[in-house]
Amino acid sequence: MLTLVADIEVLARFGRALADPIRCRILIALREAPAYPADLADVLGISRTRLSNHLACLRDCGLVVTAPDGRRTRYELADERLGHALDDLRTAVVAVEADRTCPDADEKECC
């Protein structure tokens, strides 16, 4: 029973991280390659402050990690399997209901 509870908590944390479109875009970008925050902010077209908040959430969720690179900090997926999981989820959802959309949640919460 304890394993089931832990599994549910992990999936819920992953789901909350994916509930925000910006965090999804960050994860998809990092699936392609590690990146520096300034570069991610430019690519995603958001402020560095906003990006920083989302990266902190993803880091707290355990989905991304930082890697020091000289005086800069690079972000990457915490585990390469996350990239595969993102691909699998995307294709599974599209395969099931390609014409469905989910309404926006009333509250945007993080992990």
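In every chain, residue numbers begin from 1 and rise along the written sequence. Owing to the predicted nature of the model, reporting of local features is limited to residues with pLDDT of at least 70; listing and counting of side-chain atom pairs is limited to 80 or more, with chain, interface and lining totals taken over all residues. Heavy atoms from the whole structure form the basis of all side-chain values; hydrogens and water molecules are not counted.

Q: Help me get a handle on the overall build of the protein, residues and values and all.
A: Strands are runs of DSSP state E lasting at least 2 residues, helices are runs of H or I lasting at least 4, and numbering of each runs from the N terminus. Each helix and strand in the protein was counted, giving five helices and two strands. The order of α-helices and β-strands along the protein, N terminus first, is α-α-α-α-β-β-α. Counting every position in the protein, which comprises 111 residues, the buried fraction comes to 25%. Only heavy atoms enter the contact rule, under which two residues are in contact if any of them lie within 4.5 Å. By sequence separation, contacts in the protein at least 24 residues apart represent 57% of the contacts at least 6 residues apart. Approximately 7800 Å² of the protein is accessible, and the part contributed by carbon and sulfur atoms is 54%. With a 1.4 Å probe rolled over the protein chains alone, any residue whose accessible area is under 20% of its type maximum counts as buried; one over 50% counts as exposed, and the rest are partly exposed. For every accessible area listed, the method is Shrake-Rupley and the probe measures 1.4 Å; residues are considered covered only by the protein chains on display.

Q: Which residues make up the pairing of strand S2 (residues 72-77), and what are the values?
A: DSSP-based pairing: two strands are paired if at least 2 bridges between them are found. Both strand S1 (residues 64-69) and S2 contribute to a ladder of six bridges, which runs antiparallel. Across the sheet, residue Val 64 finds its bridge partner in S2, namely Leu 77. Here S1 folds back onto S2, and the loop between the two strands holds two residues, one of which, Gly 70, carries a positive phi near 70 degrees.

Q: Tell me about the environment of Pro 37, residues and numbers included.
A: Looking at the secondary structure, you find Pro 37 in helix H3 (residues 37-44). For Pro 37, a relative accessible area of 27% gives the class partly exposed. Not counting residues within four places of it along the chain, the set of residues in contact with Pro 37 comprises Leu 51, Leu 55, Thr 73 and Tyr 75.

Q: Kindly report on the packing of aromatic side chains, identifying the contributing residues and their values.
A: Aromatic pairs are defined between Phe, Tyr and Trp rings, using the six-membered ring for Trp, whenever the two ring centres lie within 6.5 Å; interplanar angles under 30 degrees are classed as stacked, those over 60 as edge-to-face, and all others as tilted. One pass over the structure, following the stated rule, counts zero aromatic pairs. Only when the NZ atom of a Lys or the CZ atom of an Arg is both within 6 Å of the ring centre and within 35 degrees of the ring normal do we say a charge sits over the ring. The positively charged end of Arg 72 is found above the aromatic ring belonging to Tyr 36, 3.7 Å away from the centroid.

Q: Give a description of the pattern of salt bridges that names residues and reports values.
A: Definition used for salt bridges: Asp or Glu carboxyl oxygen within 4 Å of a side-chain nitrogen of Lys or Arg. Within this structure, the stated rule accounts for six salt bridges. Its salt-bridge partner being Arg 74, residue Asp 69 comes within 3.7 Å of it at the nearest N-O pair. Residue class for Asp 69 comes out partly exposed when judged on its relative accessible area of 33%. For Arg 74, a relative accessible area of 23% corresponds to the partly exposed category. Salt bridges here are not isolated pairs; linked through shared partners, they connect Arg 31, Glu 32 and Asp 87.

Q: If you had to explain the packing of helix H2 (residues 21-32) against helix H4 (residues 48-60) to someone new, which residues and values would you point to?
A: For every element, the axis is a line fit to its C-alpha atoms; helices are fit only across the contacting stretch, and the angle between N-to-C directions ranges from 0 to 180 degrees. Relative orientation of the contacting elements H2 and H4 amounts to 75 degrees, with a least axis distance of 10 Å. On the basis of their axis angle, the class for H2 and H4 is roughly perpendicular. Touching Ile 22, Arg 23, Ile 26 and Leu 27 of H2 are Arg 50, Leu 51, His 54, Leu 55, Cys 57 and Leu 58, all from H4. Polar here means any residue other than Ala, Val, Leu, Ile, Met, Phe, Trp, Tyr, Cys and Pro, which are nonpolar, and Asp, Glu, Lys and Arg, which are charged; Gly is therefore polar. Of the residues belonging to the contact of H2 with H4, the class tally is seven nonpolar, one polar and two charged. The scheme is simple: roughly parallel for angles under 35 degrees, roughly antiparallel for over 145, roughly perpendicular for 65 to 115, oblique for anything else.

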